[in-house]
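Residue-level structure breakdown
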Amino acid sequence: MSEYVLMTDSCCDLSAETAAELELEVLPLRLELEGASYRNLLDGSEIGFREFYDRVRGGAMPVTSAVNVGEFEAAMRPILEAGKDILCLCFSSALSTTYQSAVIAARELEEAFPERTVRVVDSLCASMGQGLFVWLCAQEKKKGKTLEEVWDYAEGAKANICHWFTVDDLNHLKRGGRVSAAAALFGTMLSVKPVLHVDGQGRLIPMEKCRGRKASLLALVDHMEKTAVDPENYPVFISHGDCLEEAEFVAKEVRRRLGVKEVYINYVGPVIGSHTGAGVMTLFFVGRSR
């Protein structure tokens, strides 16, 4: 069996420690903020997570960019030269061009290394939903599954990674065209908090509106209660936009209501946080379908 490497990008929002434990090769997306360029590294070493959200709260307007073809080629080539294959699990193609760049790089390198294999998967996932997806694939690899077996698993499993989240500030969704200017204005005045999910095509879809922050947090758990599969035996991943106390509240609720034993909590990284703003709260789990 050929040795292979699991590759992903930093929109998985896993902690650096978890990524190292899973032996992942992680490529960073980038952001421009107040005239400076930063890589979205999992350890926050180029821009700290709290610093990022403090600057966004202060009115900074970040601009993000995907991993490009050249960056994928530069990361993939040494692995192939070392005689290893690659399974690359990418941020949703509906939200970024990262997946397309990985596909182009893989095609070019497979011509240069015909004896090697590079498979690229469009996760249709985002943030720690992508992180959960990658984590599950890594568990299959740890069982001794081949690259082709994990690839087949990945293509089937991504439809069951459920994404639910809410935001505290509608203006960031307005900037991204997810809500109208009028809806953002009146929603802010009325303390309306939208609940959204990522659908089966990897797109961001508004689902409902809640009056008040606590109601929106509980709505996330309500959706999990309706669709989760075997929650006692699968981990739950929660990411947040610098609101750890509320993330811990959501974690407590999923443990209490669904018997969840394992919960991973981490920041929404600055690339995704550029589009959601501070106060975003997410809940990711394995469900019957999205």
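A short tour of the structure in this document, coming up. Residue numbers here run from 1 along each chain, matching the order of that chain's written sequence. Predicted model: local features are reported for residues with pLDDT of at least 70 only, side-chain atom pairs are reported and counted for 80 or more only, and whole-chain, interface and lining totals are derived from all residues. Excluded from the side-chain calculation are hydrogens and water; included are all heavy atoms of the structure.

**Some remarks on the overall build of the protein**
Condition: In DSSP terms, a helix is any run of H or I states spanning at least four residues, a strand is any run of E spanning at least two, and both are numbered starting from the N terminus. Here the globule rule is a power law, 2.2 Å times the number of residues to the power 0.38, and the radius of gyration is based on C-alpha atoms. When accessible area is computed with a 1.4 Å probe and restricted to protein chains, residues below 20% of their type maximum are described as buried, those above 50% as exposed, and intermediate ones as partly exposed. What makes two residues a contact is simply this: any of their non-hydrogen atoms within 4.5 Å. Counting rule for charge: Lys and Arg are taken as positive, Asp and Glu as negative, and neither His nor the chain ends is counted. Throughout, a charge is located at the NZ atom of Lys, the CZ atom of Arg, the CG atom of Asp or the CD atom of Glu.
Along its length, the protein carries 11 helices and 13 strands. The C-alpha radius of gyration of the protein comes to 19 Å, within 12% of the 19 Å expected for a compact globule of 290 residues. In terms of its C-alpha atoms, the protein occupies a principal-axis envelope of roughly 60 × 45 × 30 Å. For the protein, with 290 residues in total, the buried portion stands at 54%. For the protein, the share of sequence-separated contacts (at least 6 apart) that also reach a separation of at least 24 residues comes to 75%. The averaged location of the 41 negative side-chain charges in the protein is 7 Å from the averaged location of its 32 positive side-chain charges.

**Thoughts on the packing of aromatic side chains**
Under the convention used in this document: Ring geometry is summarised as follows: Phe, Tyr and Trp rings, the Trp one being its six-membered ring, pair when their centres sit within 6.5 Å, and such pairs are stacked at plane angles under 30 degrees, edge-to-face over 60 and tilted between the two. Here, a charge over a ring is recorded when the distance from Lys NZ or Arg CZ to the ring centre is within 6 Å and its angle to the ring normal is within 35 degrees.
For the structure on display, the rule yields six aromatic pairs. Taking 4.9 Å as the distance between ring centres and 75° as the angle between the ring planes, the aromatic pair formed by phenylalanine 52 and tyrosine 53 counts as edge-to-face. An identical accessibility class is assigned to phenylalanine 52 and tyrosine 53; each is buried. Judged by centre distance (6.5 Å) and plane angle (20°), the rings of tyrosine 53 and tyrosine 267 are stacked. Of this pair, tyrosine 53 sits in helix α2 (residues 49-57) while tyrosine 267 sits in strand β12 (residues 263-267), and the two are 214 residues apart along the sequence. Of the two residues examined, tyrosine 53 and tyrosine 267, each falls in the buried class. A network of ring pairs unites the aromatic residues Phe49, Phe52, Tyr53 and Tyr267 as a single cluster. Its end group placed over the ring of tryptophan 151, arginine 119 keeps NZ or CZ at 4.6 Å from the ring centre.

**Things to note about helix α6 (residues 147-157)**
The line we're drawing: Relevant arc is that of directions from the helix axis to the C-beta atoms, nothing else.
By the burial criterion, the buried members of α6 are Leu147, Val150, Ala154 and Ala157. Within α6, the buried residues cover an arc of 95° as seen down the axis, which keeps them to one side. At its buried positions, α6 is contacted by β1 (4-9), β6 (85-90), β7 (118-122), α5 (127-142) and β8 (161-166).

**Observations regarding the environment of isoleucine 104**
By the secondary structure assignment, isoleucine 104 is in helix α4 (residues 98-112). Since its relative accessible area comes to 38%, isoleucine 104 is described here as partly exposed.

**Digging into empty space enclosed by the protein**
Applied cut-off: Only protein atoms enter the 1 Å grid, on which a cavity is a set of points fitting a 1.4 Å probe that cannot get out and a pocket is an open set with protein on both sides within 12 Å along at least 5 of 7 lines, lining residues being those with an atom within 4 Å of a point. Grid points are joined across faces, edges and corners, and a volume is the space filled by probe spheres set on the points. By the convention adopted, Pro, Cys, Tyr, Trp, Phe, Met, Ile, Leu, Val and Ala count as nonpolar, Lys, Arg, Asp and Glu as charged, and the other residues, Gly among them, as polar.
Throughout the structure, instances matching the rule amount to one cavity of 30 Å³ or more. Roughly 40 Å³ of volume is contained in the largest cavity. Taken together, Ser10, Asp13, Leu14, Asn40, Leu41, Leu42, Phe49, Asn266, Tyr267 and Gly269 make up the full set of residues lining the largest cavity. Along the lines of polarity and charge, the residues of the lining of the largest cavity split into five nonpolar, four polar and one charged.

**Some remarks on the packing of helix α3 (residues 69-81) against α4**
Packed helices, taken two at a time, are described by their axes: the angle between them and the distance between them. Where we set the bar: Each axis is a line fitted through C-alpha atoms, taken for helices only over the stretch in contact, and angles between the N-to-C directions span 0 to 180 degrees. Between 65 and 115 degrees an angle is taken as roughly perpendicular, under 35 as roughly parallel, over 145 as roughly antiparallel, and anywhere else as oblique. In a left-handed crossing the near helix is turned counterclockwise from the far helix by less than a right angle, and in a right-handed crossing that turn is clockwise.
The geometry of α3 relative to α4 is characterised by a closest axis approach of 9 Å and an angle of 45° between their N-to-C directions. When the axis of α3 is compared with that of α4, the two are oblique. Considering the relative orientation of α3 and α4, their crossing is right-handed. Where α3 approaches α4, its residues Val69, Phe72, Glu73, Met76, Arg77 and Leu80 are matched on the opposing element by Thr98, Ser101, Ala102, Ile104, Ala105, Ala106, Glu108 and Leu109.

**Digging into the side chain of aspartate 199**
To keep it simple, the criterion reads: What qualifies as a polar contact is a pair of N or O atoms within 3.5 Å, subject to a donor-acceptor requirement within protein and to the restriction that residues adjacent in sequence count only when both atoms come from side chains.
Within the element layout of this structure, aspartate 199 appears in the loop between β9 (192-198) and β10 (204-211). Note on aspartate 199: relative accessible area 11%, which makes it buried. Among the polar contacts made by the side chain of aspartate 199, one reaches the main-chain amide nitrogen of glutamine 201 at a distance of 2.9 Å. For aspartate 199, the residues in contact, after removing those within four places along its chain, are Leu124, Ile205 and Arg290.

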